[in-house]
Amino acid sequence: SYRMVVMRFLNPIERPYTNKFEDTSFDSEFNSVNTCSVDSTKTKNTHNFNKQTFGQKFSSAKEAGLYGEMEIEFIIRTQTNERVLTPISTENLVLKGYNFEIDLLVPVSGVGLVLLEVKNYQGKLLCMSDDEWVQVKNNGERRSFKGATQQVSRTRKLLQKNLQECGLDAWDIIPVVVLANADTEVIRLDDRLSPCYAEIVRKQDIVTWLHNLPVNSQVKVTPDDATKIHMSLLSIQKEFQVRSNPV
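Treat the numbers as computed from the prediction; the structure is a model and nothing was measured.

## So, the overall build of the chain
Turning to step 1, where the next piece is worked out: A count of helices and strands for the chain gives 5 helices and 10 strands.
Turning to step 2, where the next piece is worked out: In the chain, which comprises 247 residues, the proportion classed as buried is 49%.
Turning to step 3, where the next piece is worked out: In the chain, once contacts between residues fewer than 6 apart in sequence are set aside, the share between residues at least 24 apart is 68%.
Turning to step 4, where the next piece is worked out: Summed over its atoms, the accessible surface of the chain is roughly 12600 Å², and 46% of this surface lies on carbon and sulfur atoms.

This is how it looks when you write it as structure tokens:
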């Protein structure tokens, strides 16, 4: 299975692979349905990242993406100050028929919640706009896709809606795209093409970036708050669902 392939690279980490969300459709209107109830027996594994696995080569983009998420999680767990709490990650989530997944959600006391969309690209990354990015790999191969800044903005909207329904909307949610490959060259072709939904931060800069976020002493995020947020997400963690009426 794919999970076994990943574990061959990432042993001893225990984190199952799940489908990454690619559907870009999103309705601004939702039906009012309470999604807060959760089976308290559900738990999420804690991962101990082995630094010796850094720099592995990957057989697929999915494998590289999963590895990148784990590496960024390890960095945040081990190198940040006491205001930065343990990152939360999820498998596939479904809210009102919309699939999404949270790579990392980092509670930061004095700031709020920081939503990380982690990408492990190689080569050059041409940010044409938030709607279109082009990757030029080291072998010259090119591919275009919707920008990760747009993707994390969509994830933020769905996360915010779920937290509102659970009475956990006391904090701002700050979206950011993190590049897990330290050698990726980012080229913004024209910042005027569209408003930027989120900042783009390199792996080697994420700790400093988190520590330098503006602090408001009135904003408190406790480990208990983080547990409640995690449980609210587990309550909507489901298998990927194909929309019957895509828009």
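## Description of the sheet that holds strand 5 (residues 124-127)
Turning to step 1, where the next piece is worked out: Read from one edge to the other, the open sheet built from 4 strands follows the order 7-6-5-9, with strand pairing classed as mixed. Each edge of the sheet is formed by a strand with only one pairing partner; in this case those strands are strand 7 (142-145) and strand 9 (185-188). Strand-to-strand, the axes of this sheet are offset by a mean angle of 20°, without reference to chain direction.
Turning to step 2, where the next piece is worked out: Pairing of strand 6 (residues 133-136) with strand 7, which is carried by 4 bridges, proceeds in the antiparallel orientation. When the bridges of strand 7 are listed, W133 appears paired with F145.

## What to know about the sheet that holds strand 8 (residues 173-179)
Turning to step 1, where the next piece is worked out: Sheet architecture is open: 4 strands sit in the order 3-4-8-10, paired in mixed fashion. Of all the strands in the sheet, the pair left with one neighbour each is strand 3 (104-108) and strand 10 (199-202). Across the sheet, the axes of successive neighbouring strands diverge by a mean angle of 35°, strand direction being ignored.

## Thoughts on the confidence of the model for the chain
Turning to step 1, where the next piece is worked out: Taken residue by residue, the chain gives an average pLDDT of 79. The fraction at 70 or more is 72%.
Turning to step 2, where the next piece is worked out: By mean pLDDT, the top-scoring element of the chain is strand 3 (98), and the lowest-scoring one is helix 1 (residues 2-10) (36).
Turning to step 3, where the next piece is worked out: Ignoring residues within four places in sequence, the model shows residues 37-55, a span with pLDDT below 50, making 36 contacts including any to other chains.

## Regarding unusual backbone geometry
Turning to step 1, where the next piece is worked out: In this model, K96 sits at a positive phi of 55°, which is unusual for a non-glycine residue.
Turning to step 2, where the next piece is worked out: One can find K96 in the loop between strand 1 (93-95) and strand 2 (98-100).

## Structural notes on the nonpolar core
Turning to step 1, where the next piece is worked out: The biggest cluster of nonpolar side chains holds 32 residues, and the ones touching the most others in it are I102, L105, W133, L159, I229 and L233.
Turning to step 2, where the next piece is worked out: Of all elements in the fold, only strand 1, strand 2, strand 4 (112-119), strand 5, helix 3 (148-165), strand 8 and helix 5 (223-234) reach the threshold of two or more residues within this core.
Turning to step 3, where the next piece is worked out: No other element matches the 5 residues that helix 3 contributes to this core.
Turning to step 4, where the next piece is worked out: Of all hydrophobic cores here, the second largest spans 20 residues; its members include I75, V84, L104 and V111.

What counts as what
- Residues numbered from 1 in each chain as written.
- Predicted model: local features only at pLDDT ≥ 70, side-chain atom pairs only at ≥ 80, totals over all residues.
- Heavy atoms only, no water.
- Helix = DSSP H or I, 4+ residues; strand = E, 2+ residues; numbered from the N terminus.
- Buried < 20%, exposed > 50% of the residue type's maximum accessible area, 1.4 Å probe, protein only.
- Contact = heavy atoms within 4.5 Å.
- Areas by Shrake-Rupley, 256 points an atom, 1.4 Å probe, with all protein chains shown as cover.
- Pairing = 2+ DSSP bridges.
- Axes fitted to C-alpha atoms, helices over the stretch in contact; angles between N-to-C directions.
- pLDDT = per-residue confidence, 0-100.
- Core = buried A, V, L, I, M, F, W, Y, C linked by side-chain atoms within 4.5 Å.

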